[in-house]
Every structure is written in structure tokens, then in C-alpha cells.
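# Observations on the model geometry
So you can see what is in the structure, the chains are spelled out below.
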Amino acid sequence: MDIVLMIIYATILLGFLVFIHEGGHYLAARAFGVRVTEFMLGLPGPSIGFTRGGTRFGVTAVPLGGYAKVCGMEAGEMSPHLEAVLAALYRRGTANMEDIARDCGISDDEAYDALEELVEWGSIKGPTKKDQYNTYRAVATAPTKKQLKAAAAGEPAPASYALGQARPVDDAHALYQGEYRQQYRALPFWKRSVILVAGVFVNLLFAMLLFVLMYSVIGFEAQSPNTGVFYHAALTPLQSLQAGFAYIGQVIALVASLFNPATAADTVSNTTSIIGIAVMSKDAVDMGLMGILSFTAMISVSLGIMNLLPIPPLDGGRFVVEVFQKVSRRVVSTRALNYLSAAGMLLFLGFFLIMANQDIQRFVLGNW
């Protein structure tokens with residue numbers, strides 16, 4: 001029963017913290033006008049939910065963590081045929097890849113690349129499992145509340161179209177520009193950077209709020225050094241924030257020691273994997289409210305700082321790629337980013353195996 005509780009507590013804790021992390025990316029992207037097609041609680045897969053403002057909100061079949069699908073974050077150069085392909089598909093409403101290639105006078109491969117990129121943009125819908133061929137559809141559109149209010153005042157309202165319904169395209173370039181402006185890659189460097197670090201910011205902000213809640217609102221038991229008598233104490237909000245910043249500094253120093261050959265091995269030996277987090281999460285719950293809040297704040301800080309590591313596919317790795325592209329004025333190719341991400345995943349897999357072995361020795365076998 002203890003093992004089941006450990007798994008449940010760890011799943012809820014990590015799932016919630018990853019979810020609010022992705023929520024930071026979502027809020028920052030929407031604040032800058034970037035389209036987010038999905039914001040889900042859980043790992044990618046079958047889901048249930050609802051669509052509002054162009055974003056599908058819901059829960060997936062594996063409700064662990066969460067993700068926000070920010071459009072236009074794909075690496076590499078854009079296809080030169082996006083404008084023509086988008087207009088051709090909208091005029092047809094529903095079309096196979098070969099139809100679009102023929103309409104635009106390009107090869108099937110070129111049409112496929114452009115169509116898949118537009119799917120990533122959220123501008124069109126890709127093939128479903130029921131489609132026999134590479135069939136693509138124009139997205140459903142409807143006037144916004146703002147446009148409806150303008151129509152009520154006498155202005156013409158945009159027409160509504162169902163998914164896959166043909167529609168007129170009077171100005172292909174204006175259509176393309178309207179879609180491009182809603183993409184992550186259309187933003188200036190500083191806005192893209194804000195979106196990348198927004199998840200980390202939310203994790204750290206949440207941890208700081210927990211520090212204030214614990215030490216200023218709830219308070220804690222302290223012991224007088226003179227009389228040995230226990231009493232209830234509380235810090236000012238400023239003192240609680242200072243304690244939170246001090247802890248964040250300690251975590252940053254610990255993570256930085258991973259890159260020092262003299263301290264890396266010792267640092268890894270003193271860290272823990274998901275196994276250790278599961279064990280400690282149950283211990284925190286057994287300690288009561290203060291134990292839960294304290295442990296949640298610690299994990300939230302760790303999750304945020306670890307995501308700043310300059311290793312793709314973490315947020316810090318993507319930020320380094322953005323800096324490289326800004327300084328060198330060169331676009332990192334999809335292949336190069338995939339290689340970097342694979343190398344980063346192998347590195348983390350190695351760390352995980354080492355830490356998991358330590359946790360098994362420590363918590364399961366009692367040999368640590």
C-alpha cells in the first residue's frame with residue numbers, strides 16, 4: 001500500500017508542477033498573440049476536452065504533467081511554398097497532397113513539407129487515421145466576439161466556415177501574413193525568449209508564494225535558544241522572500257556544480273530520481289501541511305532551475321539555440337536540433353540510470 005501511495009503522491013505533485021510550468025508558456029504565448037492549439041493536462045495522446053479561442057483544453061489518457069502546443073516553434077528554414085499551398089487548400093477546403101502539388105506546380109515532396117508545416121502552425125488540419133490518403137483540411141473559422149460586436153454596429157462580419165469547407169481567397173498574401181503573425185517564429189528575439197523562460201518563472205514564482213504562505217501566513221514552530229521553550233513564530237513577507245531566494249541560490253549552485261569535474265560526481269551522488277521523489281513525497285504527506293508545502297516548493301524550484309540547463313530539448317537549451325541564431329544570424333536546421341535533442345536525452349538518461357540505481361540502493365535495499 002505504501003508503494004501505491006508513493007506513486008500517487010509523486011504523480012500528483014510532478015503532474016501539477018509540470019502543468020503550471022506549461023501554463024507559463026501558454027500565458028506568455030497568448031499574451032504575445034501566438035497561437036496555441038492545445039493546452040492539455042497529461043502526456044500527448046487521446047484526450048477529452050473543449051475548444052475555446054482556438055485552443056483545445058482538456059485531459060489526456062495519461063494525466064501526468066501537461067503540455068502547451070505553441071505554434072511555429074519548429075526548427076529550420078520555412079518552406080518557400082507556404083503562401084501558395086495555404087491559398088490552394090483554402091480554395092479547395094479539403095484536398096489530398098497530390099491535388100495541392102498540382103495546383104501549385106510543385107513536387108509532391110514540396111507540397112507535403114509545406115502542408116505539414118502549416119499543420120504545425122495550426123493553420124490547417126492534417127490527415128486523420130480514417131483518411132486513406134494524405135488528406136488535409138482548412139480549419140473551421142467563426143467570427144470572434146469583438147467582430148460580432150463590430151457587426152452589430154454596422155461593420156461587415158467575417159463568414160463562418162466548417163472544417164474542410166471551401167472558401168474564397170481574394171488575397172493569398174494577406175491570408176498568409178495573417179497566419180504568420182500568429183507564429184512563435186514571427187516574434188522578435190526578446191519575446192521568444194520570454195515564452196521560453198515563462199515556465200521557469202511560473203515554477204519559481206509558485207515556490208516563492210509557498211515560502212510566504214509557510215513562513216508568514218501559517219507560521220512555524222521555533223525553539224528559544226535561552227529557555228528551550230517552543231513557540232509559534234512568523235516571518236515578515238520580505239523575510240520569507242529572502243529565505244526563498246536563498247534556497248533558489250543554493251539550488252543554482254548545486255546545479256552549477258554538475259559542470260565542475262571536481263564536484264560533478266559528488267553532486268550526482270547526492271541527488272535523487274523519480275524513485276526518491278516518490279519516497280520523499282509520501283514522507284512529506286505524512287508530516288502534514290507544512291511538510292507538503294515545503295516539499296512542493298523544493299521540487300518546484302528544482303524543476304524550474306533544471307529546465308534552465310543549456311541542453312535541448314529543455315527550455316535552457318532552446319534559449320541557447322535562440323541566442324546562437326541571433327548572434328550568428330544563421331538558422332539552426334531541424335536535423336541539427338534533432339541531433340542536439342537526442343544527445344541531451346541520452347545525457348539525461350545516463351543521469352537518470354545513475355540516480356535511479358542510487359535510489360534503489362538507498363531506499364529499497366538500504367545499502368546507502
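Residues numbered from 1 in each chain as written. Predicted model: local features only at pLDDT ≥ 70, side-chain atom pairs only at ≥ 80, totals over all residues. Heavy atoms only, no water.

### Overview of the side chain of Ser79
Within the secondary structure, Ser79 sits in the loop between strand E4 (66-70) and helix H2 (82-92). Side-chain polar atoms of Ser79 contact the backbone nitrogen of His81, separated by 3.2 Å. Sequence-distant contacts of Ser79, defined by excluding residues within four places in its chain, comprise Ala114 and Glu117. (Helix = DSSP H or I, 4+ residues; strand = E, 2+ residues; numbered from the N terminus. Polar contact = N/O pair within 3.5 Å; in protein donor to acceptor, adjacent residues only side chain to side chain. Contact = heavy atoms within 4.5 Å.)

### A short note on H2
All buried positions along H2 are accounted for by Leu82, Val85, Leu86, Ala87, Ala88, Leu89 and Tyr90. The inward-facing, buried residues of H2 contact strand E5 (94-96), helix H3 (97-104), helix H4 (108-121), strand E6 (124-125), strand E7 (135-138) and helix H6 (172-180). Among the residues trailing H2, Gly93 stands out with phi positive, at a value near 85 degrees. (Buried < 20%, exposed > 50% of the residue type's maximum accessible area, 1.4 Å probe, protein only.)

### A word on the UniProt feature "transmembrane region" (unreviewed entry) in the chain
UniProt marks residues 6-28, 194-218, 289-309 and 336-356 with the feature "transmembrane region" (unreviewed entry), using the numbering shown here. Between the C-alpha atoms that bound residues 6-28 there is a distance of 33 Å. The span itself is 100% helix and 0% strand. As annotated, residues 194-218 comprises 100% helix and 0% strand, and the C-alpha atoms at either end are separated by 33 Å. (UniProt positions renumbered as here; feature names shortened; annotations may be inferred.)

### So, the packing of aromatic side chains
In total, this model carries 14 aromatic pairs according to the counting rule given. Measuring from ring centre to ring centre gives 5.0 Å for Phe19 and Phe39, while their planes differ by 10 degrees; the resulting arrangement is stacked. Of this pair, Phe19 sits in helix H1 (residues 2-31) while Phe39 is found in strand E1 (residues 36-41), placing the two residues 20 residues apart along the sequence. What makes Phe19 partly exposed here is its relative accessible area of 25%. Taken together through their ring pairs, the aromatic side chains of Phe19, Tyr26, Phe39, Phe50 and Phe57 make up a single cluster. (Phe/Tyr/Trp six-rings, centres within 6.5 Å; stacked < 30°, edge-to-face > 60°.)

### A word on the sheet that holds E5
The three strands are arranged E5-E7-E6 in an open sheet whose pairing can be described as antiparallel. Looking at strand neighbours, the two that pair on one side only are E5 and E6, the edges of this open sheet. Across two bridges, E6 lies against E7 in antiparallel orientation. Paired with Ile124 across the strands is Ala138, a residue of E7. Packing of H3 onto the sheet brings it into contact with E5 and E7, and relative to E5 it is tilted by some 90 degrees. (Pairing = 2+ DSSP bridges. Axes fitted to C-alpha atoms, helices over the stretch in contact; angles between N-to-C directions.)

### Notes on the environment of Lys125
Position of Lys125 relative to the elements: it lies in strand E6. For Lys125, a relative accessible area of 46% gives the class partly exposed. Separated by 60 residues in sequence, Lys125 and Gly65 place their C-alpha atoms 25 Å apart. Residues contacting Lys125, with those up to four places away along its chain left out, are Val119, Thr135, Tyr136, Arg137, Val139 and Leu163.

### Quick look at the side chain of Gln183
Considering the arrangement of structural elements, one finds Gln183 in the loop between H6 and helix H7 (189-218). In this view, Gln183 contacts Val34, Arg35, Cys71, Gly72 and Trp121; residues no more than four positions away in its chain are not counted.

### Looking at the domain arrangement of the chain
Taken domain by domain, the chain holds domain 1 (1-70), domain 2 (81-181) and domain 3 (189-365). With centres defined by C-alpha atoms, the gap from domain 1 to domain 3 works out at 19 Å. The interface of domain 1 with domain 3 comprises 18 residues on the first partner and 25 residues on the second. Interface area, domain 1 with domain 3, both sides summed: about 1,800 Å², of which 84% is carbon and sulfur. At the boundary of domain 1 and domain 3, one finds zero salt bridges. Here domain 1 is connected to domain 3 by six residue pairs in polar contact (both at pLDDT 80 or more). Partitioning the side of domain 1 that touches domain 3 into residue classes produces 14 nonpolar, three polar and one charged. (Domains from an automatic or database assignment. Buried area = accessible area lost by both parts, 1.4 Å probe. Salt bridge = Lys/Arg side-chain N within 4 Å of Asp/Glu carboxyl O. Nonpolar A, V, L, I, M, F, W, Y, C, P; charged D, E, K, R; others polar.)

### A word on the pattern of salt bridges
The final tally for this structure, using the stated rule, is seven salt bridges. The partner of Glu322 in a salt bridge is Arg192, with the nearest N and O atoms 2.8 Å apart. In this pair, Glu322 sits in helix H12 (residues 315-328) while Arg192 sits in helix H7, placing the two residues 130 residues apart along the sequence. Residue Asp286 pairs with Lys282 through a salt bridge whose shortest N-O separation is 2.9 Å. Within this pair, Asp286 and its partner Lys282 are both found in helix H10 (residues 274-287), separated by four residues, close to a single helical turn.

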